[in-house]
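# Summary of structural features
Chain residues, written in single-letter form:
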Amino acid sequence: MNCRVVLLVAASLALPTVTNAEERTTTYGDLRGRFVFDGQPPAPRPIPVIRDREGIGVKEIPDETLMVHPENHGIANVCVWMYRKRGEEAPAIHPSYNLNPEMDDDFVTRTMTASRGRYEPRILPLQTGERLLVTTADRFAYNAKVDTFNNPPSSVLIPPEGRQTFSFEKLETIPCPVSDNIHPWMRAWILIQDHPYMAVTNTDGKFEIKNIPSGQWTFQFWHEKAGYLREVNIEGKDMQWERGRATFKISPMPTDLGAVRIS
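So, here is what we can say about the structure in this document. (Residues numbered from 1 in each chain as written. Predicted model: local features only at pLDDT ≥ 70, side-chain atom pairs only at ≥ 80, totals over all residues. Heavy atoms only, no water.)

### Focus: unusual backbone geometry
Looking along the chain, the bond that leaves glutamate 120 and enters proline 121 is cis, with omega of 5 degrees. Relative to the elements of secondary structure, proline 121 occurs in the loop between strand S6 (118–120) and strand S7 (123–127). Phi is positive for histidine 73, which is not a glycine, with a value near 60 degrees. Mapped onto the secondary structure, histidine 73 falls in the loop between strand S3 (60–61) and strand S4 (79–83). Residue classification places histidine 73 among the buried residues on the basis of a relative accessible area of 18%. Phi at asparagine 211 is positive, roughly 55 degrees, even though this residue is not glycine. By the element assignment, asparagine 211 lies in strand S15 (residues 206–213). (Helix = DSSP H or I, 4+ residues; strand = E, 2+ residues; numbered from the N terminus. Buried < 20%, exposed > 50% of the residue type's maximum accessible area, 1.4 Å probe, protein only.)

### Considerations on the packing of aromatic side chains
Per the stated rule, a full pass over the model turns up ten aromatic pairs. Aromatic side chains phenylalanine 35 and phenylalanine 221 sit 5.7 Å apart centroid to centroid with 50 degrees between the ring planes, which places their arrangement in the tilted category. Here phenylalanine 35, found in strand S1 (residues 28–37), pairs with phenylalanine 221, found in strand S16 (residues 215–223); they are 186 residues apart in sequence, far enough to count as distant. With a relative accessible area of 0%, phenylalanine 35 lands in the buried category. Given a relative accessible area of 0%, phenylalanine 221 falls into the buried group. Each ring, one from tryptophan 241 and one from phenylalanine 248, has its centre 6.5 Å from the other, and the planes form 80 degrees; the classification is edge-to-face. Taking the relative accessible area as the measure of exposure, tryptophan 241 reaches 6% and is therefore buried. Stacked on the ring of tryptophan 189, the Lys or Arg arginine 187 has its end atom at 5.5 Å from the ring centre. (Phe/Tyr/Trp six-rings, centres within 6.5 Å; stacked < 30°, edge-to-face > 60°. Lys NZ or Arg CZ within 6 Å of the ring centre and 35° of its normal.)

### Considering the sheet that holds S1
Across a sheet, strands are paired by hydrogen bonds formed along the backbone, either parallel or antiparallel in direction. The five strands are arranged S15-S1-S21-S18-S19 in an open sheet whose pairing can be described as mixed. Here the strands that pair on one side only, and so sit at the sheet edges, are S15 and strand S19 (237–240). Here the average twist between neighbouring strands, direction ignored, is 30 degrees. As paired elements, strand S18 (residues 231–234) and strand S21 (residues 255–262) share two bridges and run antiparallel to each other. In the strand pairing of S21, asparagine 233 is matched with arginine 261. (Pairing = 2+ DSSP bridges. Axes fitted to C-alpha atoms, helices over the stretch in contact; angles between N-to-C directions.)

### Quick word on the sheet that holds strand S9 (residues 142–146)
Here five strands make up an open sheet; going across it, the order is S7-S13-S12-S9-S10 and the pairing mixed. Each having just a single partner strand, S7 and strand S10 (154–158) make up the two edges of the open sheet. Across the sheet, the axes of successive neighbouring strands diverge by a mean angle of 25 degrees, strand direction being ignored. Pairing analysis gives five bridges linking S9 to S10, with the strands arranged antiparallel. Looking at the pairing, tyrosine 142 lines up with isoleucine 158 of S10.

### A few points about the pattern of salt bridges
The final tally for this structure, using the stated rule, is eleven salt bridges. The residue arginine 122 makes a salt bridge to glutamate 64 at a minimum N-O spacing of 3.8 Å. In this pair, arginine 122 is assigned in the loop between S6 and S7 and glutamate 64 in the loop between S3 and S4, connecting sequence segments 58 residues apart. Assessed through its relative accessible area of 10%, arginine 122 is described here as buried. Judged by relative accessible area, glutamate 64 falls into the buried class, the value being 9%. Here glutamate 120 and arginine 118 are joined by a salt bridge, their closest N and O atoms 3.1 Å apart. Glutamate 120 gets classed as partly exposed once you look at its relative accessible area, which sits at 42%. (Salt bridge = Lys/Arg side-chain N within 4 Å of Asp/Glu carboxyl O.)

Rendered as structure tokens:
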């Protein structure tokens, strides 16, 4: 081995190794896409209001279990979140997600409203440590029942024009239902993760998760009507997502899935 080769080998050995964790924290990128109903969506059916003890003022409410845009067939309320195996390294959190240092406390409160026999929004993302505030301006009581798996479940009577706060310390592996024992047709969901990298599609079926650390990450996709989204079509190619999971490479250039079609 000549002197030049020896110097090159020595120099290469002296270079610091960059771990995957360090690489992920150097750059960030976005994940976006749009979920589309493939075919003619079913006509929405209203839900009759039953056991209306207080007289909420409506005889029926819209069935929100599957909401498809009538023109562009976008599917609302698809949940998307970063999935990690047990013990897998936690993602770096981009500074844009940090709490405002001028806030009076270290908590962020997300609000869900019970009004006229329904919850709004239908699905609410929550990060562990954030607080869920269920509020109502109606002049009768609601019984907010939150069924969780890793956190203690809750069932609280909210008085007329009242409010109730819930907190969750552990992540949930699947969206958790929010129901009402007094009004049994009421249903909503909360998506609880220990990181901010999650989203819910809007009325056009679009979602975007911003400032994800660069690298290979797995995401999970779920809808209340279908459960985990396993069979999808992207750019004419049928794909199988086991338990609704798919892995994508995140880079500074946005990762755009385009139209994700579901039949």
